[in-house]
Amino acid sequence: MKPRSIIALIVSAVLILGGIITCVVASSMAKSDGVMLFPEESPNGDLVYRMDLKNTTKITVNSADADISIVGGAERSVIEVVNFNANYYKLSQSNGSLTFGQVDDFLSMFKFWDNGFSFKGMRYLLRFGDDTAGTKKIIIKLSDADDIKLVNITSDTGDISVSDCTFAADYTLRADKGKVILNNIANSLSFNVSGKNTAFDVTECKTGIMKVNAATVSASIKKLTADSFSLGMTDGSLLLDDYSIGELEVKTEKGNVDLSSYNCNEGSVASKSGKVELSFDDTSILTATVTTKTGKVSVNGEFTDSFSVNSVDPKHRISIVTDDGDVYITHP
């Protein structure tokens, strides 16, 4: 063997050994810092990638088909990306901003064209076996020490849930063909919820402003305290129960509206053909007017042409206007 060949073999061996040592050291450093190089399989078979979060103030998540959850009260802040192939999403945190974006084209896995050069790493290029049949999920666990200011979440077909959060934040949530769930929320500044065919469930939420806008929505809202609440829908339904709202505005074409035990300072409902149900407990503190063009008005089971009640010192006011939608009123 020629001397040059021997030297080349020695150099190659040294480089290979150096690369192996570098990989082992880097892996150990990543592990000690809580950084996962690859997703790991959980006991239930899900493929999970975790990343610790630090000083997060803004959260932006865009996904085509993942269920997305934000959960407060955690011991430490972390994001878990479940059942995703690492080549087909972008995850970053910088200057207090956490960003997740789902991608579905083959070339995007190389990451060369996103803001110049943002190559994700050679270790991902040959990992085509990360796909699983499990439901894609993005779980963001936040500690009470976090100071979240802005949350912007979009999922085309997945569900979005926010629970046990006490941040003074503005939330923008869009689920085109999924469900939006709010549970045990306090101190939030606003919620802006939208979609195409969306279910919206609220259980115990205190916020400043809540806006809901969807072509078709099935909304069940219980234990809501808000300065203002507005809903716009073409079709669907709204149930409000056990609530305290400063200003209420509902506009719909064919959707049904049920206001149980009415408790709003000011309220208005405008409907073309949807049914409106209203119940209240005390007429002495209520001013209400109901007008309809061709619809029916039922008061405690008795049909009448219209309905109005005027309190001398009203604490609650409401105006209901329909074209041919029926209105059903129940009171003591």
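Residues numbered from 1 in each chain as written. Predicted model: local features only at pLDDT ≥ 70, side-chain atom pairs only at ≥ 80, totals over all residues. Heavy atoms only, no water.

Within the chain one finds one helix and 22 strands. Taken across its 332 residues, the chain has 42% of its residues classed as buried. The contacts in the chain between residues at least 6 apart in sequence include a share of 42% that link residues at least 24 apart. Accessible area of the chain: about 17,300 Å², with a carbon and sulfur share of 52%. (Helix = DSSP H or I, 4+ residues; strand = E, 2+ residues; numbered from the N terminus. Buried < 20%, exposed > 50% of the residue type's maximum accessible area, 1.4 Å probe, protein only. Contact = heavy atoms within 4.5 Å. Areas by Shrake-Rupley, 256 points an atom, 1.4 Å probe, with all protein chains shown as cover.)

On to the packing of aromatic side chains. What the rule picks out here adds up to five aromatic pairs. A ring pair is formed by Phe84 and Phe100, whose centres lie 5.4 Å apart and whose planes are at 75°; its orientation type is edge-to-face. Of this pair, Phe84 sits in the loop between β5 (78-82) and β6 (89-94) while Phe100 sits in strand β7 (residues 97-102); the two residues are 16 residues apart in sequence, bridging distant segments of the chain. Residue class for Phe84 comes out buried when judged on its relative accessible area of 4%. (Phe/Tyr/Trp six-rings, centres within 6.5 Å; stacked < 30°, edge-to-face > 60°.)

Alignment of strand β10 (residues 160-165) against strand β12 (residues 179-241), held across five bridges, turns out to be parallel. For Cys165, the partnering residue across the bridge sits in β12 and is Ile185. Bridging between strand β11 (residues 170-175) and β12 involves five bridges; their strand directions are parallel. Following the sheet pairing, Arg174 is matched in β12 by Ser194. Bridge count for β12 against strand β13 (residues 244-252) is eight bridges, and the pairing is parallel. (Pairing = 2+ DSSP bridges.)

Let us now look at the environment of Thr292. Here Thr292 shows up in strand β17 (residues 286-292). Note on Thr292: relative accessible area 16%, which makes it buried. For the pair Thr292 and Val327, spaced 35 residues apart in sequence, the C-alpha to C-alpha distance is 8.3 Å. In this view, Thr292 contacts Val297, Asp305, Thr322, Asp323 and Gly325; residues no more than four positions away in its chain are not counted. Of note is the side chain of Thr292, whose polar atom sits 3.0 Å from the backbone nitrogen of Gly295. A distance of 2.6 Å separates a polar atom in the side chain of Thr292 from a polar atom in the side chain of Thr322. (Polar contact = N/O pair within 3.5 Å; in protein donor to acceptor, adjacent residues only side chain to side chain.)

As enumerated under the stated definition, the model contains 11 salt bridges in all. The partner of Arg50 in a salt bridge is Glu80, with the nearest N and O atoms 3.2 Å apart. Taken as a pair, Arg50 in strand β2 (residues 47-52) and Glu80 in strand β5 lie far apart in primary sequence, 30 residues in all. Notably, a salt bridge pairs Arg76 with Asp52, separated by 2.2 Å at the nearest N-O pair. Separated by 24 residues along the polypeptide, Arg76 in the loop between β4 (67-71) and β5 and Asp52 in strand β2 bring together distant segments of the chain. You can call Asp52 partly exposed: its relative accessible area is 25%. One network of salt bridges, with partners in common, ties together Arg50, Glu80 and Lys141. (Salt bridge = Lys/Arg side-chain N within 4 Å of Asp/Glu carboxyl O.)

When pLDDT is averaged along the chain, the result is 87; 84% of the residues meet or exceed 70. Between residues 112-127, whose pLDDT stays under 50, and residues either more than four places distant or in other chains, the model counts 25 contacts. (pLDDT = per-residue confidence, 0-100.)

Secondary-structure assignment places Gly236 in strand β12. The buried category is assigned to Gly236, whose relative accessible area is 19%. Spatially, the C-alpha atoms of Gly236 and Gly274 are 8.9 Å apart, while their sequence positions differ by 38 residues. Contact partners of Gly236, with chain neighbours within four places excluded, come to Thr216, Val217, Gly255 and Asn256.

A few words on the side chain of Thr322. Considering the arrangement of structural elements, one finds Thr322 in strand β21 (residues 316-322). Only 2.8 Å separates the side chain of Thr322 from the backbone oxygen of Gly325, close enough to count as a polar contact. In this structure, Thr322 is in contact with Ser271, Lys272, Val276, Thr291, Thr292, Lys293 and Val327, ignoring residues within four places of it in sequence.

In this section: the nonpolar core. In terms of nonpolar packing, the biggest core is built from 73 residues, with Phe200 and Phe229 touching the most fellow members. Considering each element in turn, this core owes the most residues, 21 residues, to β12. For Phe200, the contacting residues outside a window of four places in its chain are Val180, Leu182, Val193, Met210, Val212, Val217, Ser218, Ala219, Ser220 and Ile221. (Core = buried A, V, L, I, M, F, W, Y, C linked by side-chain atoms within 4.5 Å.)

Turning to the side chain of Ser188, a few remarks are in order. Relative to the helices and strands, Ser188 resides in strand β12. When its relative accessible area of 4% is taken as the criterion, Ser188 is described as buried. Ignoring sequence-local partners within four residues, the contact set of Ser188 consists of Phe167, Ala168, Ala169, Tyr171, Lys206, Thr207 and Gly208.

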